[in-house]
Amino acid sequence: MRSRRHAWLQHAVLIPAAALFAFPFYWLAVMATSRTSDIFSSPPRLVPGGEIVSNIERLTGSVDFLGAFANSVVVSVTATLLTVTIAALSGFVFAMYRFPGRDPLFAVLLVTMTLPTGVMLVPTFQIYADLGWLNTYLPLIVPGAASAFGIFWMRQAAREAVQYEVMEAARVDGAGFLRVFWHVALPALRPAVAGFTVFQFMWNWNEYLWPMLVLNDQEKYTLPVALQQLNGSHGTSDYPVVMAATLLATIPLIVLFLFFRRQVMSSATAGAVKG
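Every value quoted in this text rests on a predicted model; they were computed, and no experiment measured them. Residue positions are given per chain, counted from 1 along the sequence in the order it is written. Side-chain atom pairs in this predicted model are given and counted only at pLDDT of 80 or more, local residue features only at pLDDT of at least 70, and totals for whole chains, interfaces and linings cover all residues. With hydrogens and water excluded, all non-hydrogen atoms of the structure serve as input to the side-chain values.

Our focus in this paragraph is the nonpolar core. Core analysis: the biggest nonpolar cluster contains 36 residues, and L59, F65, L223, L227 and L230 have the highest contact counts within it. Secondary structure elements with two or more residues in this core: α1 (2-32), α4 (65-96), α7 (138-141), α10 (177-206), α11 (209-214), α12 (223-228) and α13 (239-259). Per-element tally for this core: the top contributor is α13, with nine residues. What makes two residues a contact is simply this: any of their non-hydrogen atoms within 4.5 Å. Setting aside residues up to four positions removed in sequence, L227 forms contacts with L59, F65, A245 and A249. By nonpolar core is meant a set of buried Ala, Val, Leu, Ile, Met, Phe, Trp, Tyr and Cys residues that side-chain atoms within 4.5 Å join together. Partly exposed residues are those whose accessible area sits between 20% and 50% of the maximum for their type, while under 20% is buried and over 50% is exposed, using a 1.4 Å probe and protein chains only. Among the nonpolar cores identified, the runner-up in size contains 27 residues, and F94, A175, F181 and V184 belong to it. Every helix listed is a DSSP run of H or I at least four residues long, and every strand listed is a run of E at least two residues long, numbered separately from the N terminus.

The next point concerns the packing of aromatic side chains. Each aromatic ring pair is summarised here by two numbers: the centre-to-centre distance and the angle between the ring planes. Between rings of Phe, Tyr and Trp, where Trp is taken as its six-membered ring, a pair exists when centres lie within 6.5 Å; planes separated by under 30 degrees are stacked, by over 60 edge-to-face, and by other angles tilted. Under the counting rule described, the total for this entry stands at 21 aromatic pairs. A centroid spacing of 5.8 Å and a plane angle of 70° characterise the contact between F40 and Y239, whose relative ring orientation is edge-to-face. Here Y239 lies in helix α13 and F40 lies in the loop between α2 (36-39) and α3 (52-62), a separation of 199 residues in the sequence. Of the residues examined, F40 reaches a relative accessible area of 58% and is grouped as exposed. Note on Y239: relative accessible area 32%, which makes it partly exposed.

Here the focus is a nonpolar patch on the surface. Among the surface-exposed residues, F25, I254, F257, L258 and M265 lie close enough to one another that they form a single nonpolar patch of about 430 Å² accessible area. Top element by residues in the nonpolar patch is α13. It accounts for three residues. According to the relative accessible area criterion, L258 is partly exposed, its value standing at 45%. Any residue with relative accessible area above 30% and no salt bridge may belong to a patch, with like charges joined within 9 Å and the nonpolar Val, Leu, Ile, Met, Phe, Trp and Tyr side chains within 5 Å. For the area figures, the Shrake-Rupley method with a 1.4 Å probe applies, and any residue is considered shielded solely by the protein chains shown. Here, a salt bridge means any side-chain nitrogen of Lys or Arg that lies within 4 Å of a carboxyl oxygen of Asp or Glu.

Before going further, it helps to examine the packing of α3 against α13. Packed helices, taken two at a time, are described by the angle their axes make and the gap between the axes. Angles shown run from 0 to 180 degrees and are taken between the N-to-C directions of axes, each axis being a line fitted to C-alpha atoms and, for helices, limited to the stretch in contact. Interaxial distance between α3 and α13 falls to 9 Å at its minimum, and their mutual angle equals 90°. Comparing their axes, α13 and α3 come out roughly perpendicular. Packed against α3, whose contacting residues are I52, N55, I56, R58 and L59, the element α13 presents P240, V241, A244, A245 and L248 at the interface. Here the residues of the contact of α3 with α13 are counted per class, giving eight nonpolar, one polar and one charged. Relative orientations are named as follows: roughly parallel for angles under 35 degrees, roughly antiparallel for angles over 145 degrees, roughly perpendicular for angles from 65 to 115 degrees, and oblique for any other angle. For this classification, the nonpolar set comprises Ala, Val, Leu, Ile, Met, Phe, Trp, Tyr, Cys and Pro, the charged set comprises Asp, Glu, Lys and Arg, and every other residue, Gly included, is treated as polar.

Here the focus is α10. How far a helix is expected to stretch is found by multiplying one less than its residue total by 1.5 Å. The first and last C-alpha atoms of α10 sit only 35 Å apart over 30 residues, clearly below the 44 Å expected at 1.5 Å per residue. Fitting axes to the seven residues that end at a residue and to the seven that start at it, the angle between those axes gives the bend at that residue. A maximum bend of about 60° is found in α10 at R190, where proline P191 lies one to four positions downstream.

Taken as a whole, this structure holds four salt bridges when the rule is applied. Note that D238 and R58 form a salt bridge whose closest N and O atoms lie 2.9 Å from each other. Taken together, the residues span a long stretch of sequence, with D238 in the loop between α12 and α13 and R58 in helix α3 at a distance of 180 residues. Exposure remark for D238: the relative accessible area of 27% places this residue in the partly exposed category. For D103, the salt bridge identified is with R102, shortest N-O distance 3.4 Å. Taking relative accessible area as the criterion, R102 reaches 14% and is therefore assigned buried.

Once that is clear, we can look at helix α8 (residues 148-161). For α8, spanning 14 residues, the distance from its first C-alpha to its last is 20 Å, which sits close to the expected 20 Å at 1.5 Å a residue. Of all the positions in α8, only A148, G150, I151, M154, R155, A157 and A158 are classed as buried. Looking at the buried side of α8, the elements it contacts are α4, α5 (102-112) and α10.

This part covers the environment of P44. Considering the arrangement of structural elements, one finds P44 in the loop between α2 and α3. Each C-alpha atom, one on P44 and one on P24, is 14 Å from the other, the two residues being 20 residues apart in sequence.

Here we take up the packing of α5 against α8. Close contact between α5 and α8 brings their axes to 8 Å; oriented N to C, the two are set at 130°. What the angle tells us is that α5 and α8 run oblique. Like other packed secondary-structure pairs, α5 and α8 cross with a definite hand, here left-handed. Contacts between α5 and α8 pair F106, L109, L110 and T112 from the former with A148, I151, F152 and R155 from the latter. Broken down by class, the residue content of the contact of α5 with α8 amounts to six nonpolar, one polar and one charged. Helix crossings fall into two classes, left-handed where the near helix is turned counterclockwise from the far one by less than a right angle and right-handed where it is turned clockwise.

With that settled, consider the layout of surface pockets. Reported here for the largest pocket is a volume of approximately 1,100 Å³. For the largest pocket, the lining is made up of 32 residues, of which T117, M120, P143, G144 and W203 are closest to its centre. Secondary-structure elements contributing two or more residues to the lining of the largest pocket are α4, α5, α6 (117-131), α7, α8, α10 and α11. In terms of residues, the lining of the largest pocket owes the most to one element, α10, which gives five residues. Broken down by class, the residue content of the lining of the largest pocket amounts to 21 nonpolar, ten polar and one charged. Computed over the protein atoms alone on a 1 Å grid, cavities are sets of points where a 1.4 Å probe fits but cannot get out and pockets are open sets with protein on both sides within 12 Å along at least five of seven lines; a residue lines them when it has an atom within 4 Å of a point. Grid points are joined across faces, edges and corners, and a volume is the space filled by probe spheres set on the points.

Structural data, given as structure tokens:
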């Protein structure tokens, strides 16, 4: 009886909380399917309208939405795969192998996480200008390939999930480093890898400042930079079009989260369950 009452209490708290957090996305959908007059009406309109097709047509006529969407897919997928691979390999090594300078090197890695982004913008921009990488996607992919946060994430996950005895048994059987990583470590790290993949893809997908600085060809714009062109001067933005663009840009993130939701939740609750 007590457990049933506890379950009802949990639902009574979680359902309103879920509705509260879901409301901004619902309101985004309402504005994306409405007209400007509906958005500023009083009282506000709370049901979706029928202007989504018209708003999308005006969107594609204002900016190269499909081209920017494709550019963001290429950049985000490539950067995410590279970053997750390096983070998983590095975190596994830091957690399970002993080598000279391991702890000082990891300490330096953690210190880099404390550096403000603004401090590194100018020297980083100058480096890529000297390399001739401006107006290419290399500055959007290469700098984040070695993510200090990702390596820290994977190291902590490997220390908890990877069994040293199983790894040693595989090495005794003749397995090399990559085979041990692929068959022993990676299955144990799957929830952590999924969680970091979602986080990193969202970061790359939503990145605005750095692409805006290094890209000057509109055909190469990623989605956040391209959508910035929808903002008119003196507050003259076409809000239904902006909201329609935002809604379409959010869909890939929702699909990605739904695809990895079990692994992400498992990764998020692993520490609490372990404790």
